[in-house]
Amino acid sequence: MSSNYRPPFFGFVDWPLLVRKLVPGMRLADIMMVALPPIPYMVQVSEMHRKKSSAGFSKLVCYILLISSLLKIAFWFKARYEFALFVQSVVLIITTLTVLYFCYKYSPSTKLDAGVDRFQRLFTRLLLAYGALQLVSIFVVIFLPEDSKYVQMFGSTSGLIEAFITVPQLFHNFRRKSVKGLRFSVIMMWLCGDIFKLYYLLTARAPYQFVYCCIFQTAVDSLIFLQVFKYHSHLE
């Protein structure tokens, strides 16, 4: 271990070493880090499909997650942070695109337009454009110097955007004075997932950008959890 290394936040305890001794290996944590985040979104997809409606779920959540994951993947090609976080980003992109597909499929505007074929063509173009943008961002990062401040900007911007992932949902609930259409299990999984993610980032010595932004994200999801009690009569 490098002599310059300092355990995060509490310098008198080597938290990563302690966790590795208490939890044999980090493979289980890596698997959980990849597998758990998509679950609440797939639960929401199931709810949309059951009700044939995407009302109550903010599409901005999907767009924010897509942009954040795009930048995070590009950042990995220079920062080489935990590979589990890289895989998580790939899985989340697939999950988010699935959620977005059902959001538009069951949105009132799609039904009114009676243009299912048109919607599918537009979604295909979205996939192609997103894929192209991902490739461009990767090539940009690869050709940047190792110590370039712009490389760090990719990580910081990714973390900052991800920190705001559930902010649209927070304001969406506040504007409607309701959490109708949003399952309580999804809210709980968001919050529990954030807590586990924060634990993982601290023990995996992840880039500081990810840690601080995760703290903010946990705070936002805590506020959404409090909205459940404020608007409990509309909870599903």
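Counting restarts for each chain, with residues numbered from 1 along the sequence as it is written. With the structure being a predicted model, the display of local features is reserved for residues of pLDDT at least 70 and the display and counting of side-chain atom pairs for 80 or more, all residues being used for whole-chain, interface and lining totals. Neither water nor hydrogens contribute to the side-chain values; these are computed over all heavy atoms in the structure.

Asker: Quick rundown of empty space enclosed by the protein? Include the residues and the values.
Answerer: Any residue with an atom within 4 Å of a point lines the site, the site being either a cavity, points on a 1 Å grid over the protein atoms alone where a 1.4 Å probe fits but cannot get out, or a pocket, an open set with protein on both sides within 12 Å along at least 5 of 7 lines. Grid points are joined across faces, edges and corners, and a volume is the space filled by probe spheres set on the points. Scanning the entire structure with this criterion turns up one cavity of 30 Å³ or more. Lining the largest cavity we find K72, G159, E162, A163, K197, F210, C213, C214 and Q217. When residues of the lining of the largest cavity are traced back to their parent elements, those giving at least two are helix 8 (149-163) and helix 11 (208-230). Counting residues per element, the lining of the largest cavity draws most heavily on helix 11, at four residues. Helical segments are the DSSP runs of H or I of at least four residues, strand segments are the runs of E of at least two, and each set is numbered from the N terminus.

Asker: Account for the packing of aromatic side chains, naming residues and giving values.
Answerer: Think of it this way: a Phe, Tyr or Trp ring, Trp meaning its six-membered ring, pairs with another when their centres are within 6.5 Å, and the plane angle makes it stacked under 30 degrees, edge-to-face over 60, tilted otherwise. All chains considered together, the criterion is met by 14 aromatic pairs. Between F77 and F86, the ring centres sit 6.0 Å apart and the planes meet at 80°, which makes this aromatic pair edge-to-face. To sort residues, take the accessible area from a 1.4 Å probe on protein chains only and compare it with the maximum for the residue type: under 20% means buried, over 50% means exposed, and anything in between is partly exposed. What makes F86 buried here is its relative accessible area of 14%. Seen in terms of ring centroids, F196 and Y199 are 5.9 Å apart; in terms of plane orientation they differ by 40°. Their pairing is tilted. Of the two residues, F196 and Y199 are both situated in helix 10 (residues 184-203); the distance of three residues between them amounts to about one turn of the helix. Note on F196: relative accessible area 17%, which makes it buried. Residue classification places Y199 among the partly exposed residues on the basis of a relative accessible area of 32%. Aromatic ring contacts, followed pair by pair, group W76, F77, F83 and F86 into a single cluster. Just above the ring of Y104 sits the side chain of K59; from NZ or CZ to the centre is 5.3 Å. Look at NZ for Lys and CZ for Arg. If either is within 6 Å of the ring centre and within 35 degrees of the ring normal, a charge sits over the ring.

Asker: Describe in detail the layout of surface pockets, supporting the description with residues and values.
Answerer: Taken as a whole, the largest pocket spans an internal volume of roughly 320 Å³. Together, 21 residues line the largest pocket, and P37, M189, W190, G193 and D194 are the ones closest to its centre. Considering each element in turn, the lining of the largest pocket owes the most residues, seven residues, to helix 10. Residue classes in the lining of the largest pocket are distributed as 13 nonpolar, four polar and four charged. Side-chain classes follow a simple rule in which Ala, Val, Leu, Ile, Met, Phe, Trp, Tyr, Cys and Pro form the nonpolar group, Asp, Glu, Lys and Arg form the charged group, and the remainder, Gly included, forms the polar group.

Asker: Talk me through the UniProt feature "transmembrane region" (unreviewed entry) in the protein chain; I want residue IDs and the actual numbers.
Answerer: Within the UniProt annotation, "transmembrane region" (unreviewed entry) is assigned to residues 55-77, 83-104, 125-144, 182-202 and 208-229. For residues 182-202, helix accounts for 90% and strand for 0%, while the C-alpha atoms at its two ends are 30 Å apart. UniProt positions are given in the numbering used here, feature names are shortened, and annotations may be inferred rather than shown by experiment.

Asker: Could you give an account of the packing of helix 9 (residues 167-176) against helix 11, with specific residues and numbers?
Answerer: A pair of packed helices is characterised by two quantities: the angle between their axes and the separation of those axes. At a minimum axis distance of 9 Å, the contact between helix 9 and helix 11 shows a crossing angle of 20°. Between helix 9 and helix 11, the crossing angle belongs to the class labelled roughly parallel. Helix 9 and helix 11 meet at a crossing whose hand is left-handed. Across from V167, Q169, L170, N173 and F174 in helix 9, the residues of helix 11 making contact are F216, V220, L223, I224 and Q227. Looking at the contact of helix 9 with helix 11, its residues break down into seven nonpolar, three polar and no charged. Note on geometry: axes are lines fitted to C-alpha atoms, helical ones only across the stretch in contact, with angles between N-to-C directions running from 0 to 180 degrees. For classification purposes, angles smaller than 35 degrees are called roughly parallel, those larger than 145 roughly antiparallel, those between 65 and 115 roughly perpendicular, and all remaining angles oblique. Take the far helix as your reference; a near helix turned counterclockwise from it by less than a right angle gives a left-handed crossing, and one turned clockwise gives a right-handed crossing. By definition in these notes, contact holds between two residues if any of their heavy atoms fall within 4.5 Å.

Asker: Quick rundown of the confidence of the model for the protein chain? Include the residues and the values.
Answerer: The predicted model of the protein chain averages 78 in pLDDT, with 81% of residues at 70 or higher. Per residue, pLDDT measures the predictor's confidence, with a range of 0 to 100. A low-confidence stretch, residues 1-13 (pLDDT under 50), is modelled with 16 contacts involving residues beyond four sequence positions or located in other chains. Here residues 18-25 is a poorly scored stretch, pLDDT under 50, and it has eight contacts once near neighbours within four places are set aside; other chains count.

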